Amino acid sequence: MARPEFSPWAISVAQVASRAGQSKEVDADFPAPSGIGDEVIGVEEGAPVHVSGSFDSIVDGLILVARITAPVHAECTRCLRPLKRDWGIDVTAFFPYESDAKAKDGGKTKGEVEIIAGEEESEDTYPLLENGAFADIEALLRDTLVENLPLQPLCREDCRGLCSQCGVDLNEHPDHHHDVVDNRFSGLAALKAQLEAEEQERK
Ligand SMILES: [Zn+2]
Ligand SMILES: [Zn+2]
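Residues numbered from 1 in each chain as written. Chains lettered and ligands numbered in written order. Predicted model: local features only at pLDDT ≥ 70, side-chain atom pairs only at ≥ 80, totals over all residues. Heavy atoms only, no water.

### Concerning the confidence of the model for the chain
And then number 1: A residue-level look at the chain finds 81% of positions with pLDDT of 70 or above and a mean pLDDT of 84.
And then number 2: Mean pLDDT across the secondary structure elements of the chain bottoms out at strand β6 (residues 113–115), with 44, and peaks at strand β3 (residues 48–58), with 97.
And then number 3: When the criterion is pLDDT under 50, residues 100–122 qualifies, and its contacts beyond four places in sequence or with other chains add up to 36 contacts. (pLDDT = per-residue confidence, 0-100. Helix = DSSP H or I, 4+ residues; strand = E, 2+ residues; numbered from the N terminus. Contact = heavy atoms within 4.5 Å.)

### Quick look at the nonpolar core
And then number 1: The biggest cluster of nonpolar side chains holds 42 residues, and the ones touching the most others in it are Phe30, Phe55, Leu62, Phe95 and Ile137.
And then number 2: Residue assignment for this core shows that the elements contributing at least two residues are α1 (14–17), β2 (23–31), β3, β4 (61–75), β5 (82–96) and α2 (138–148).
And then number 3: No other element matches β4, which puts seven residues into this core.
And then number 4: Residue contacts for leucine 62: discarding those within four places in its chain leaves Val13, Val16, Ala17, Phe55, Asp56, Ser57, Ala93, Phe94, Phe95, Tyr97 and Leu128. (Core = buried A, V, L, I, M, F, W, Y, C linked by side-chain atoms within 4.5 Å. Buried < 20%, exposed > 50% of the residue type's maximum accessible area, 1.4 Å probe, protein only.)

### Overview of the coordination of the zinc ion (ligand 1)
And then number 1: Coordination of the zinc ion (ligand 1) by the protein is provided by Cys76 (SG), Cys79 (SG), Cys155 (SG) and Cys159 (SG), with metal-donor distances spanning 2.2 to 2.4 Å.
And then number 2: Here the zinc ion (ligand 1) is ringed by four donor atoms whose angles at the metal span 104 to 113°, and the overall shape comes out tetrahedral.
And then number 3: The sequence pattern formed by the donor residues of the zinc ion (ligand 1) is C-x2-C-x75-C-x3-C. (Donors = N, O, S within 2.8 Å, 3.2 Å for Na, K, Ca; no water. Tetrahedral: all angles 85-135°; square planar, octahedral: opposite > 155°, others 65-115°.)

### Side note on the coordination of the zinc ion (ligand 2)
And then number 1: In the first shell of the zinc ion (ligand 2), the protein supplies Cys163 (SG), Cys166 (SG), His176 (NE2) and His178 (NE2), at 2.0 to 2.3 Å from the metal.
And then number 2: Of note is the zinc ion (ligand 2), whose four donor atoms meet at the metal with angles of 102 to 117° in an arrangement that counts as tetrahedral.
And then number 3: As a motif over one chain, the donors of the zinc ion (ligand 2) read C-x2-C-x9-H-x1-H. Highlighted residues: cysteine 163 in the loop between α2 and α3 (180–202) and histidine 178 in the loop between α2 and α3, separated in sequence by 15 residues.

Put into structure tokens, the structure is as follows:
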């Protein structure tokens, strides 16, 4: 796919933007925009984000229906193990033609929700560039990935986590436990021995 030099996130849509009822497939990798998550959980800037779907032209703009797949790095909430896996998110976004587009400051802000006539579903709105020749998906990728980062990632559903007392990984040591009961009894036993000793002295 030819990419314009001004943005690695611009997709040429000139051929479908000319009239309604056209469709153009998208199936390519784009670099992850900056600012998605942090060190603990996020998508590294520049990591390949796959976009697979299509642009369909309607009267007042283009609709992108696609699946976005990004390599998310995270930490298991319970055992803190590093996780690296592909995260897939389905998106629907609207790219209105210039006449309908409201001013956006460089496409950095979150698109406004537009209600398409006859549809109850709301969609996020993103910019077309160069008089409709290109769709800019940078903000779409950022918004979608930021909003869909997993909040409580787990290495597996039944992760046993870490021992709350010593931090041992309970997945690796399923039988690990602390003999708190025995410790208490040994303390009592020592106290009992001490009391008995004092009793002996008094005699
Ligand atoms: Zn875990
Ligand atoms: Zn422990």
